[in-house]
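A closer look at the structure
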Amino acid sequence: METDEEGSRRALPFQLQFDKPLASQVKMAEWNPEKDLLAMVTEDSKVVLHRFNWQRLWTISPGKCITSLCWRPDGKVVVLGLEDGTVSLHDVENGKLLRSLKSHAAAVVCLNWEEDAQVNRDTSGNTLAFEDRTTCFFPPAPRVPRMPGLVPGDTGLTDDGQDSFVELSNSSKQCFNILCSGDKDGVLCFSKFGVFPIGNVNIHECNIPTTTNDRNTVCRLLNASISKVALSKDLCCLTVACSGELVEDIVESRGGQKVGDSMHGFHCLVLDTSIFQNRKNELHQVAQQASNIEDLLHVIRTSLSVMHKQWADAMNIFHEKFDLLSNLISDHGLDSSPQEELLSLLGGARTSPAVHQFLVNSLGEVVMKRVSKVVCGAGKELQLVVLNHLQPAVEIIGFRMGELRGLSRWRSRYLGIRLDETLVNNAVERAGMLLVQVERFIRVLSSVVQQFANFFSWLLKCIKQLMSEPSDQLLTYNSELVVVFLKFLYDQDPVMQLLDLSDADEGIDIDLETMQRVRELLQFGGFGDTEYLRRTLAKEFQQMEHSFKEAAQMPFSTISKKILCTNLLPLFPLTSVSTSTRYIPISLSFYEDDSEFASSNQTHEIGFTDYISFQIPDESFVDVTNCLAVVRGLSNDSTNVKQGRPLEAILLCIPPAYCCVDLALYKEHQIVMLLNKMNDTRENLGDAWMTILQACDLPFVHIAGTTCANNWELYQLKDSILHLDMENEKIRSIPHAVVPPLSVSASRGVACVLAARKRALVYILDEDEDEISDSE
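Residues numbered from 1 in each chain as written. Predicted model: local features only at pLDDT ≥ 70, side-chain atom pairs only at ≥ 80, totals over all residues. Heavy atoms only, no water.

Description of the pattern of salt bridges
For the structure on display, the rule yields 20 salt bridges. The residue Lys280 makes a salt bridge to Asp116 at a minimum N-O spacing of 2.9 Å. On the criterion of sequence distance, the pair formed by Lys280 in helix α5 (residues 280–331) and Asp116 in the loop between β10 (108–115) and α2 (134–137) is long-range, its members being 164 residues apart. For Lys280, a relative accessible area of 4% corresponds to the buried category. For the salt bridge of Glu421 with Arg409, the shortest nitrogen-to-oxygen distance reads 3.1 Å. (Salt bridge = Lys/Arg side-chain N within 4 Å of Asp/Glu carboxyl O. Helix = DSSP H or I, 4+ residues; strand = E, 2+ residues; numbered from the N terminus. Buried < 20%, exposed > 50% of the residue type's maximum accessible area, 1.4 Å probe, protein only.)

Observations regarding the sheet that holds strand β9 (residues 97–102)
Spatially, the four strands line up as an open sheet ordered β6-β7-β8-β9, and their pairing is antiparallel. The two strands at the open ends of the sheet, each matched to only one other strand, are β6 (66–71) and β9. Each neighbouring strand pair of the sheet contributes to a mean axis angle of 20°, computed without reference to strand direction. For strand β7 (residues 77–82) and strand β8 (residues 86–91), the ladder comprises five bridges, and the chain directions are antiparallel. (Pairing = 2+ DSSP bridges. Axes fitted to C-alpha atoms, helices over the stretch in contact; angles between N-to-C directions.)

Notes on the pairing of β9
Two strands pair when backbone bridges link them, and β8 and β9 are joined in this way by five bridges, in the antiparallel orientation. Bridging across to β9, His90 finds its partner in Leu97. Counting the residues between successive antiparallel strands, the hairpin from β8 to β9 contains five residues, one of them, Gly95, with a positive phi of roughly 80°.

Digging into the packing of aromatic side chains
Here the structure, examined in full by the defined rule, presents 27 aromatic pairs. Centre to centre, the rings of Trp31 and Phe52 are 6.3 Å apart; their planes meet at 45°, and the pair counts as tilted. Within this pair, whereas Trp31 is found in strand β2 (residues 26–31), its partner Phe52 is found in the loop between β4 (47–51) and β5 (56–60), the two being separated by 21 residues in sequence. Phe52 shares its class with Trp31; the two are buried. (Phe/Tyr/Trp six-rings, centres within 6.5 Å; stacked < 30°, edge-to-face > 60°.)

Some thoughts on the sheet that holds strand β1 (residues 15–21)
One open sheet accounts for four strands, arranged β1-β31-β30-β29; its pairing is antiparallel. Only two strands of the sheet have a single neighbouring strand rather than two, namely β1 and β29 (738–745). Between one strand and the next, the sheet's axes are offset by a mean angle of 20°, whatever the strand orientation. Here β1 pairs with strand β31 (residues 759–764) via six bridges, running antiparallel.

Concerning the side chain of Ser408
Mapped onto the secondary structure, Ser408 falls in helix α7 (residues 353–408). A relative accessible area of 3% places Ser408 in the buried class. With sequence-adjacent residues up to four places away left out, Ser408 is seen in contact with Leu419, Asp420, Glu421 and Val424. (Contact = heavy atoms within 4.5 Å.)

Quick look at the structure:
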């Protein structure tokens, strides 16, 4: 009989590295795929990043409820899915917000960022190189300007981190990767590099044609909510775990369709995403240009906002001080305007009491100098923003648009993703118009700032003379420019007119001679839209941005239409209890298949088999209690894939004394399980167990995989349930009751286990059992 000491040695195959207290309970945790970093999301939606030695690197709070978490494949970016449908990318170094995408209308409940396992190689084995020629003609892309009046840190997540922003724009584009996000309303979105949308799918619109009992049927989902997604390593297949109502529509011979049976449950879909692999080269090059253009559009958008705020603040101060003159004129019973009074002063007439009181008492030398400094300083700041941010961004956008136009003319290659030459040409023209508008804005701004400076110099001299103070050392002024200012700029603002971000269609007045010259240029290759000079700079940017998005929408729509649902497997029925109150452990993954089935698959260089592991709620099936299910080969069983491993499954029964808390698919076809120990009344006894199963060694059973409603294939395996013998498994005792989630790092061979009492336990999984001692 086994002694307690022998049992203790047998039950400790995993080494406990750390047992640390937590400030609050964790609801999500993911290991960095490349580094020894653990990102955790707490119940109050804070993100905490720890090293493997439990050193805390940073903590951030996005201010919204976090609903999902993942890493970029290279481990340099943390991705958060938020309750409002936003996907935000954060720098691993400091937690700064790099990019925020509003791709969904509902909470983003799952994320998966996968990199192409083919290492971007073409069929000849040569590494694919995508040359970006922009650096040959332009300096590095401009950064986003900082909002005036702020110092680093004032704006929280989005204030600076410019180096990180540039890193996001460059390094992530060296390899082909796809970020997939799913929301609770059943919408899946795909983005290249995590920043450029290339397609989306609504699983409610996915129809699966089947033939059962000599009837043609179509299965579809209603009220579906996505739980997990997993892209295959070659990006050719996506498995989706979701709950919802599966409806079987009967297709009639006359072409009609009537609703048949339905069942509410948990299901797994397979989507054919081979368009990503088949059009990898085209998508990579288009996304490389388009995502950089998106970055530059952000620079322009921010530049316009910064300039609008700076100039508006300066003009508010100017009008706040000079509106006093209008009040004083009215108080003195005069019917003249401020401009007329100031022109009289300029002409040498006697100073009116209103003007004298305004210049000497209300304005004065000190206030005059302050207003001059604010207005002229704002003008110089605007010039710097234009020269360092706005103008370079517009120039580079024009070049990159031209690169896209070159790609669109390669019809034999890019017609497959519908990169439309006409739409791209329109975007190129809009970029050229915007560059002309920037040049005009520079000239207008320079002239206006000069006029203001000259006006302020004259007023300062007038104040000195009225106060009988020497004015010999003051700057000289030009009387003619003062007249021009008072007539055209005192109560008008051409700078703000060009920066106006409102939707009002107030055009700019252009003389007939200029418009005639613009129309004549059309004969020599000029812009087709000859009315562009009547638009403001901000309006021109909006039109250019719209034309670019319109050109990018064509590949997006084309890719979306080619992502089709090829298979659907009902997993288990859901009751109201299991739907509303239970967390259902489930894990999806793809493994490289080195079996004899993979050798027969000539479609891709490397074959991958999907593994779906999940717990079946006790109330789902009669005679099936405390069971896990493992399904593999669902993607190979799709209607468009006739080769590869067949669809197989197995039911695993956990001993009655245990309850599965969570599970995770691990490297080399392994399943890591967390089990709480229970008494006869299913109450937690306060301790738990962690064990690993070798999935590929399990006696899988072939199943039909039909999607016929009211036919749960897994229930047919109830007579061949495999009962797990915990004494023969690799198992570790945990002196705490545990809670989900279980986070396992395949690259590091470690697992983070969360205890119910706000504790985190980190275990090393890959140690040799003979070399492990109890570190507790």
